[in-house]
Amino acid sequence: TAVITENGKPAIQWNGVDNYVDNYLITGDITYSSSYGQDFAVGSVLGDNDDGILNMWGVEGGPNLMMNMRTVPTKAVRTRRGSLLLTSSNNVFTSNTQHIFNTENNPSNTAVFYVDGTSVLSGAGGAVTGTSKAVIGTAFSTFGDPLAGKLQEVIIYNQYDSNYRTGIETNIDDYYQIPGI
């Protein structure tokens, strides 16, 4: 059997139809003690669909989205903080090319989305706290906007520290040797 790779490292291929990992396969909730957090994903996206990479959705008080990391057909990225939906300008990533995608929610209640270490999206949002379930490979807590592409690593932090982001990105790049970083 063949091993699927991206830039020479193992990857999981998502078919864009019905592959995803939901809260039934991830044991336990992720508790956000504050409304801050950081998520990282390494992989490539076809970029011609609405592709859900990672979705953290709240289970307390309704469907409050903690974090949402996704792409749209115009090669833009999208994230959500509470009820606020933010979308970047077009062409902030290249299809079928390995990238580091990073979303963060910081203490000033600002959501920021980075692609390969560069901020491509930022906006204020409401505070979100509570517990969360994780869904990988789709944009919603129920299946929708499936990912067509490859994922190699997903890192989820339930707290925020601005000092960590660049170090984490450096460590990821040291291992994966991501083009253009």
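Now for a look at the structure at hand. (Residues numbered from 1 in each chain as written. Predicted model: local features only at pLDDT ≥ 70, side-chain atom pairs only at ≥ 80, totals over all residues. Heavy atoms only, no water.)

### So, the pattern of salt bridges
Side chains that differ in charge, positive against negative, can pair when their charged atoms come close.
Line of reasoning, step 1. Applying the stated criterion across every chain yields a total of two salt bridges.
Line of reasoning, step 2. Residues arginine 165 and glutamate 169 are paired through a salt bridge, measuring 3.0 Å at the closest nitrogen-oxygen approach. Remark: glutamate 169 and arginine 165 occur in helix H1 (residues 165-176); sequence separation between them is four residues, near one turn of the helix.
Line of reasoning, step 3. A relative accessible area of 14% means that arginine 165 is categorised as buried.
Line of reasoning, step 4. Given a relative accessible area of 8%, glutamate 169 falls into the buried group. (Salt bridge = Lys/Arg side-chain N within 4 Å of Asp/Glu carboxyl O. Helix = DSSP H or I, 4+ residues; strand = E, 2+ residues; numbered from the N terminus. Buried < 20%, exposed > 50% of the residue type's maximum accessible area, 1.4 Å probe, protein only.)

### Description of the environment of aspartate 18
Line of reasoning, step 1. Position of aspartate 18 among the secondary structure elements: in the loop between strand E3 (12-15) and strand E4 (30-32).
Line of reasoning, step 2. Residues aspartate 18 and threonine 138, 120 residues apart in the sequence, show an inter-C-alpha distance of 8.9 Å.

### Things to note about the sheet that holds strand E11 (residues 110-115)
Line of reasoning, step 1. Pairing within the open sheet is antiparallel, and its six strands lie in the order E3-E14-E5-E10-E11-E12. In this open sheet, the two strands that pair with only one neighbour each are E3 and strand E12 (118-124). Along the sheet, successive strands turn relative to each other by an average axial angle of 25°, direction set aside.
Line of reasoning, step 2. Sheet analysis places strand E5 (residues 37-45) next to strand E10 (residues 99-105), joined by seven bridges and oriented antiparallel. The residue bridging alanine 41 from the neighbouring strand is phenylalanine 101, located in E10.
Line of reasoning, step 3. Against the sheet, H1 touches E5, E10, E11 and strand E14 (148-157), its axis set at about 25° to E5. (Pairing = 2+ DSSP bridges. Axes fitted to C-alpha atoms, helices over the stretch in contact; angles between N-to-C directions. Contact = heavy atoms within 4.5 Å.)

### A look at the packing of aromatic side chains
Aromatic rings in a pair are described by how distant their centres are and how their planes are angled relative to each other.
Line of reasoning, step 1. One pass over the full model with this rule turns up three aromatic pairs.
Line of reasoning, step 2. An angle of 80° between the planes, with centres 6.4 Å apart, marks the rings of phenylalanine 101 and phenylalanine 113 as edge-to-face. Pair noted here: phenylalanine 101 is in strand E10 and phenylalanine 113 is in strand E11, with a separation of twelve residues, a long-range link.
Line of reasoning, step 3. A ring pair is formed by tyrosine 175 and tyrosine 176, whose centres lie 4.7 Å apart and whose planes are at 90°; its orientation type is edge-to-face.
Line of reasoning, step 4. Residue class for tyrosine 175 comes out partly exposed when judged on its relative accessible area of 44%. (Phe/Tyr/Trp six-rings, centres within 6.5 Å; stacked < 30°, edge-to-face > 60°.)

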